[in-house]
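# Remarks on the overall topology
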Amino acid sequence: MSSARQKLIRLATELSAHEGVTHWAISMRLFGKGDFFHRLENGGHPRSDTYEKALGLLSQRWPSDLEWPADIERPDAKTDSQGVA
């Protein structure tokens, strides 16, 4: 998987399907606003700090009964959503 945008969309898609909710719900849980993934799907690109924050938040909230995609590097569980251990 090549871009940060594609990775975040894929993770949100898998998580939303698993939980039976929309991307809007996932975005609200992570950022307190529902349009983050909508903007990515419409061609937006995350800044590197936003990508790292989103990846960390997704990893923290990822259900134990859903396998994290093998082709997307998962942040260290000891690292918080700001990238600080």
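Throughout what follows, the structure given in this document is the object of discussion. Please read these numbers as outputs of a predicted model, since none were measured by experiment. (Residues numbered from 1 in each chain as written. Predicted model: local features only at pLDDT ≥ 70, side-chain atom pairs only at ≥ 80, totals over all residues. Heavy atoms only, no water.)

Moving on: the nonpolar core. The biggest cluster of nonpolar side chains holds 19 residues, and the ones touching the most others in it are Leu 8, Leu 11, Phe 37, Leu 58 and Trp 68. Those elements that place two or more of their residues in this core are α1 (4-19), α2 (23-31), α3 (36-41) and α4 (48-61). Leaving out residues up to four positions away in the same chain, Leu 58 has contacts with Leu 8, Leu 11, Leu 15, Ile 26, Leu 30 and Trp 68. (Core = buried A, V, L, I, M, F, W, Y, C linked by side-chain atoms within 4.5 Å. Buried < 20%, exposed > 50% of the residue type's maximum accessible area, 1.4 Å probe, protein only. Helix = DSSP H or I, 4+ residues; strand = E, 2+ residues; numbered from the N terminus. Contact = heavy atoms within 4.5 Å.)

Here the focus is the pattern of salt bridges. One pass over the structure, following the stated rule, counts five salt bridges. Across the pair Arg 10 and Glu 14 runs a salt bridge whose closest N-O atoms are separated by 2.9 Å. Taken together, the residues Arg 10 and Glu 14, both in helix α1 and four residues apart, mark about one turn of the helix. According to the relative accessible area criterion, Glu 14 is partly exposed, its value standing at 25%. Its salt-bridge partner being Asp 71, residue Arg 10 comes within 2.6 Å of it at the nearest N-O pair. Of this pair, Arg 10 sits in helix α1 while Asp 71 sits in the segment after α4, and the two are 61 residues apart along the sequence. By relative accessible area, Arg 10 is classed as partly exposed at 25%. (Salt bridge = Lys/Arg side-chain N within 4 Å of Asp/Glu carboxyl O.)

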